[in-house]
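# What the coordinates show
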Amino acid sequence: MIKVESPKYYWELEQNTPEWLKARLGIITASEVNSIVTPKGAIKTGKGVDTYRNQKVSEIVTGRIADHFESYAMMKGHIGEVYAIESYSENYAPTQSCGFITREIEGVTIGASPDAIVGEDGGCEVKTLMPHLHVQTILADAVPEDHINQIQTTLLVSGRKWWDYIQFQPGMSLFVKRVLPDPVRQELIIKAVKELNVSIDASVKKYNSLASKLVPTEFVDMNIGTEKEIQIGEQE
């Protein structure tokens with residue numbers, strides 16, 4: 001029998017803030033589960049999994065999350081999310097914000113950052129895709145398989161009964177599809193997370209043992225800003 005603790009909701013935590021990043025340190029999260037489980041539902045192996053494991057190890061041993069690049073498409077996605085949630089709230093059901101959710105399952109903490117919470121039983125995941133992909137989703141009338149792991153993990157972590165997948169593209173119809181828990185996929189996700197967590201723990205111990213014999217260095221913040229900021233600084 002799977003040992004599952006109650007979900008912990010961080011209602012006041014704002015996403016994409018230093019506090020939010022700190023809460024995610026070393027935790028396998030819903031948006032990252034595709035790193036260890038394929039969209040079709042098989043546990044991954046290989047260099048990609050090793051890279052993700054090492055990312056989590058680095059977070060644990062340094063207490064910091066490495067800088068990550070936000071593409072133009074990602075920035076558009078954040079903007080689209082606001083409009084999508086507004087449209088959903090007006091036409092389907094009121095929503096509320098929640099920065100982060102964690103849940104201990106089989107001794108391993110898993111996290112999820114919901115786009116919105118709906119009532120007592122549901123929530124939302126929003127994606128903003130290119131127009132041709134939006135057409136593809138509407139024609140298929142199904143959630144794209146690339147997003148199934150994230151939604152199933154969020155359902156697992158949140159303990160909620162359903163999750164609405166919302167797909168948005170400005171000027172096109174809002175696509176909404178309700179997703180229910182899939183016990184088979186969730187069991188696979190738990191297995192993958194447990195296996196990776198064992199590897200993470202072993203790697204942390206090995207790193208600490210080997211690093212203790214090396215010369216330590218002091219952390220220096222080497223963020224140099226955007227290209228525009230650099231150019232402005234040079235002109236001054």
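See the structure above.
Definitions and cut-offs
- Residues numbered from 1 in each chain as written.
- Predicted model: local features only at pLDDT ≥ 70, side-chain atom pairs only at ≥ 80, totals over all residues.
- Heavy atoms only, no water.
- Pairing = 2+ DSSP bridges.
- Helix = DSSP H or I, 4+ residues; strand = E, 2+ residues; numbered from the N terminus.
- Axes fitted to C-alpha atoms, helices over the stretch in contact; angles between N-to-C directions.
- Contact = heavy atoms within 4.5 Å.
- Buried < 20%, exposed > 50% of the residue type's maximum accessible area, 1.4 Å probe, protein only.
- Patch = residues over 30% accessible without salt bridge, like charges linked within 9 Å, V, L, I, M, F, W, Y side chains within 5 Å.
- Areas by Shrake-Rupley, 256 points an atom, 1.4 Å probe, with all protein chains shown as cover.
- Salt bridge = Lys/Arg side-chain N within 4 Å of Asp/Glu carboxyl O.
- Parallel < 35°, antiparallel > 145°, perpendicular 65-115°, else oblique.
- Nonpolar A, V, L, I, M, F, W, Y, C, P; charged D, E, K, R; others polar.
- Phe/Tyr/Trp six-rings, centres within 6.5 Å; stacked < 30°, edge-to-face > 60°.
- Lys NZ or Arg CZ within 6 Å of the ring centre and 35° of its normal.

### Quick notes on the sheet that holds strand 5 (residues 116–118)
- Pairing is mixed in the open sheet, where four strands are placed in the order 5-6-7-8. Each edge of the open sheet is held by one strand with a lone partner, namely strand 5 and strand 8 (175–179). Averaged over all neighbouring strand pairs, the angle between strand axes comes to 25°, with direction disregarded.
- As judged from the three bridges shared by strand 5 and strand 6 (residues 122–128), these two strands associate in the antiparallel manner. In the strand pairing of strand 6, Val 118 is matched with Gly 122.
- Across the sheet, helix 4 (residues 131–140) lies against strand 7 (163–168) and strand 8, angled at about 140° from strand 7, the strand it touches most.
- Sheet contacts for helix 5 (residues 148–158): strand 6, strand 7 and strand 8; angle to strand 7, the most-contacted strand, approximately 145°.

### Describing the pairing of strand 3 (residues 100–105)
- Of all six residues in strand 3, five are buried, a share of seventy percent or more.
- Inspection of the sheet shows strand 1 (residues 8–10) paired to strand 3 by three bridges, in the antiparallel sense. In the strand pairing of strand 3, Tyr 9 is matched with Ile 101.
- Here five bridges tie strand 3 to strand 4 (residues 108–112), and the two strands are oriented antiparallel to one another. When the sheet's bridge partners are listed, Arg 103 is paired in strand 4 with Ile 110.
- Connecting strand 3 to the next strand, strand 4, in antiparallel fashion are two residues, including Glu 106 with a positive phi near 55°.

### Description of the sheet that holds strand 4
- Here four strands make up an open sheet; going across it, the order is 1-3-4-2 and the pairing mixed. Edge strands, defined here as strands with exactly one partner in the open sheet, are strand 1 and strand 2 (28–29).
- Running over the sheet, helix 6 (residues 183–211) touches strand 2, strand 3 and strand 4 and is turned about 115° from strand 4.

### Thoughts on a nonpolar patch on the surface
- A cluster of nonpolar residues, Ile 79, Val 82 and Tyr 83, forms a patch on the protein surface that exposes about 320 Å² of accessible area.
- Considering the arrangement of structural elements, one finds Tyr 83 in helix 3 (residues 72–91).

### Remarks on unusual backbone geometry
- Within the chain, Glu 106 stands out as a residue other than glycine whose phi angle is a positive 55°.
- Within the element layout of this structure, Glu 106 appears in the loop between strand 3 and strand 4.
- With relative accessibility at 28%, the residue Glu 106 sits in the partly exposed group.
- Phi angles above zero are rare outside glycine, and Asp 141 is one such case at about 55°.
- Among the secondary structure elements, Asp 141 is positioned in the loop between helix 4 and helix 5.

### Things to note about the packing of helix 5 against helix 6
- The N-to-C vectors of helix 5 and helix 6 enclose an angle of 85°; their axes lie 10 Å apart at closest approach. The angle between helix 5 and helix 6 falls in the class roughly perpendicular. Contacts between helix 5 and helix 6 involve Ile 148, Asn 149, Gln 152, Thr 153, Leu 155 and Leu 156 on the former and, on the latter, Arg 185, Gln 186, Ile 189 and Ile 190.
- Residue composition of the contact of helix 5 with helix 6, by class: five nonpolar, four polar and one charged.

### Section: the packing of aromatic side chains
- Applying the stated criterion across every chain, the model contains four aromatic pairs.
- Ring centres 6.0 Å apart and planes at 40° place the aromatic pair Tyr 10 and Phe 100 in the tilted group. Taken together, the residues span a long stretch of sequence, with Tyr 10 in strand 1 and Phe 100 in strand 3 at a distance of 90 residues.
- For Tyr 10, a relative accessible area of 26% gives the class partly exposed.
- On the basis of relative accessible area, Phe 100 is assigned to the buried category, the value being 0%.
- In this arrangement the basic side chain of Arg 64 is found over the ring face of Phe 219, its NZ or CZ atom lying 3.7 Å from the centre.
- It is Arg 178 that lies over the ring of Trp 162; its NZ or CZ is 3.5 Å from the centre.

Taken by themselves, the reported measurements are silent on function.
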